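Coordinates in review
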Amino acid sequence: MTTHTTGADRDDAGEIPRYRLVADALRQDIQNGVPAPGEGLPKQEQLMRRFHCGRGTVQKALQLLRDEQLLEEGVSGRGARVARQAAIGRPLVYYISRAFEAPHVSLDVWSLHTEELSRAIQQQAELIGLGDRPAPRSIRVRVLVPDLDTHHPYPRHLDDPEDLRPLRRLRRVIRMYAEALHHSLTQLAEEGTVGSVSVEIRVLPTVPGEKRYLINGTQMLTGYYFLRKTRILVDAASIEVLELHSDTLFPATLEGNGARSLERAEFQQAQAWFDSRWETVATPLRPLDEWPGQ
């Protein structure tokens, strides 16, 4: 079957179908949380006026988003609604940005390393420093990561399981982003931008099966690790390794807000798990001058 596209359905360069441009814009809106999961999109007539296009273009764009499972399946007599699972797939920076809207920010984190978290925090710190967003009155961050001494099972060189270079590389990543995270937050305190800042990083003698973020006492993000084969560079050589990887966060909140509703008992259980490890098992990440750089 051949589909004929009119000029009104293409961009000025005549290359991208107009419905895809409409879908791209609406997808960005959804990823930014407007409208939120479970809420309705504007009516088709409003979308036609916004994008200066015909009804067929809007309908094709909406169908594309349904195919991507960002919109609920159509129901007769009701406008398009954002799927409740559309929150899945948002990057961590989205949730950290929302967290920093609160006057008192608290984050408890258990993760393989803090690369994503460090970058998200750094972005918020820069916005605060530039005056582009209000500064919270207090920030408290506690992070658990794997220790730098245990011979963790992953990452592992596929051809030589005794090769410690992949593990040493992970240790460097853990150290580097932990230092960056600590610097971004303590700088806010040193500059007097945020009145109270507390950031602690402790280690456990194990690797996580999942990463978890407990945010402001009301929201929990969970990302499950799985094993994947990939190639990394160590000592200027490319080697194939088996490593832990996670690329999707599943949000749940006490208030709902379109994400999975979180029972208070479930949140308290997750918080109790974190607190127990923090107090009884975890040890402080050693200062840089005490780290052997393995």
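Residues numbered from 1 in each chain as written. Predicted model: local features only at pLDDT ≥ 70, side-chain atom pairs only at ≥ 80, totals over all residues. Heavy atoms only, no water.

Brief notes about the overall build of the protein
Helix and strand content of the protein: seven helices and 11 strands. Residues classed as buried in the protein amount to 45% of the 294 residues present. Sequence-distant contacts in the protein: of pairs separated by 6 or more residues, those separated by 24 or more amount to 70%. Of the accessible surface of the protein, which amounts to about 15700 Å², a share of 48% is contributed by carbon and sulfur atoms. (Helix = DSSP H or I, 4+ residues; strand = E, 2+ residues; numbered from the N terminus. Buried < 20%, exposed > 50% of the residue type's maximum accessible area, 1.4 Å probe, protein only. Contact = heavy atoms within 4.5 Å. Areas by Shrake-Rupley, 256 points an atom, 1.4 Å probe, with all protein chains shown as cover.)

Here we look at the layout of surface pockets
Reported here for the largest pocket is a volume of approximately 520 Å³. Lining the largest pocket are 24 residues, and of these Leu112, His113, Glu115, Glu243 and Leu244 lie nearest its centre. Among the elements of the structure, α5 (115–130), α6 (165–190), β5 (210–215), β7 (226–234) and β8 (237–245) are those that each provide at least two residues to the lining of the largest pocket. Here the lining of the largest pocket is composed, by residue class, of 12 nonpolar, six polar and six charged. (1 Å grid on protein atoms, 1.4 Å probe; cavity = no way out; pocket = protein on both sides within 12 Å on 5 of 7 lines; lining within 4 Å. Points joined across faces, edges and corners; volume = space filled by probe spheres on them. Nonpolar A, V, L, I, M, F, W, Y, C, P; charged D, E, K, R; others polar.)

Thoughts on the pairing of strand β6 (residues 219–224)
The side chains of a regular strand alternate between the sheet's two faces. Along β6, five of the six residues are buried, which leaves the element largely enclosed by surrounding structure. Alignment of β5 against β6, held across six bridges, turns out to be antiparallel. If you follow Leu214 over to β6, its bridge partner there is Met220. With four bridges joining them, β6 and strand β9 (residues 250–253) adopt antiparallel strand pairing. Paired with Leu221 across the bridge in β9 is Pro251. (Pairing = 2+ DSSP bridges.)

Concerning the environment of Glu115
By secondary structure assignment, the location of Glu115 is in helix α5. Once the C-alpha coordinates of Glu115 and Met176 are considered, the two residues, 61 residues apart in sequence, prove to be 8.6 Å apart. Within the structure, Glu115 has its side chain in polar contact with the side chain of Arg119 (distance 3.0 Å). (Polar contact = N/O pair within 3.5 Å; in protein donor to acceptor, adjacent residues only side chain to side chain.)

Notes on the environment of Pro205
Mapped onto the elements, Pro205 comes out in the loop between β4 (196–204) and β5. Given the relative accessible area of 49%, Pro205 is considered partly exposed. Not counting chain neighbours up to four residues away, the residues in contact with Pro205 comprise Asp147, Thr150, His152 and Val281.

Some words on the packing of helix α1 (residues 18–31) against helix α2 (residues 44–51)
The contact between α1 and α2 brings their axes to 11 Å, and the two run at 110 degrees. Classed by the angle they form, the pair α1 and α2 counts as roughly perpendicular. Handedness of the α1/α2 crossing: right-handed. In this structure, α1 contributes Val22, Ala25, Leu26 and Asp29 to the contact, and α2 contributes Leu47, Arg50 and Phe51. Its residues placed into classes, the contact of α1 with α2 shows five nonpolar, no polar and two charged. (Axes fitted to C-alpha atoms, helices over the stretch in contact; angles between N-to-C directions. Parallel < 35°, antiparallel > 145°, perpendicular 65-115°, else oblique. Left-handed = near helix turned anticlockwise from the far one by under 90°.)

With respect to the packing of aromatic side chains
The final tally for this structure, using the stated rule, is four aromatic pairs. Relative to Trp278, the ring of Phe274 lies with its centre 5.8 Å away and its plane at 15 degrees, an arrangement referred to as stacked. Here Trp278 and Phe274 lie together in helix α7 (residues 264–280), a separation of four residues that amounts to about one turn. The residue whose ring lies beneath Arg142 is Trp278, and the NZ or CZ to ring-centre distance is 5.2 Å. (Phe/Tyr/Trp six-rings, centres within 6.5 Å; stacked < 30°, edge-to-face > 60°. Lys NZ or Arg CZ within 6 Å of the ring centre and 35° of its normal.)

Here we look at empty space enclosed by the protein
Tallied over the entire structure, the rule returns one cavity of 30 Å³ or more. Empty space within the largest cavity amounts to approximately 30 Å³. What lines the largest cavity is simply Asp108, Val109, Trp110, Arg212, Leu214, Ala270, Trp273 and Phe274. The set of elements that each furnish at least two residues to the lining of the largest cavity consists of β1 (104–110), β5 and α7. Of the residues belonging to the lining of the largest cavity, the class tally is six nonpolar, no polar and two charged.

Brief notes about unusual backbone geometry
Keep in mind that most residues, glycine aside, have a negative phi and that most peptide bonds are trans. The peptide bond linking Tyr154 to Pro155 adopts the cis configuration, its omega dihedral lying at 5 degrees. Topologically, Pro155 is positioned in the loop between β2 (138–146) and β3 (156–157). Of note in this structure, His52 is not a glycine but carries a positive phi near 55 degrees. One can find His52 in the loop between α2 and α3 (55–67). One non-glycine residue with positive phi stands out, namely Asp235, at about 50 degrees. Along the chain, Asp235 falls in the loop between β7 and β8.

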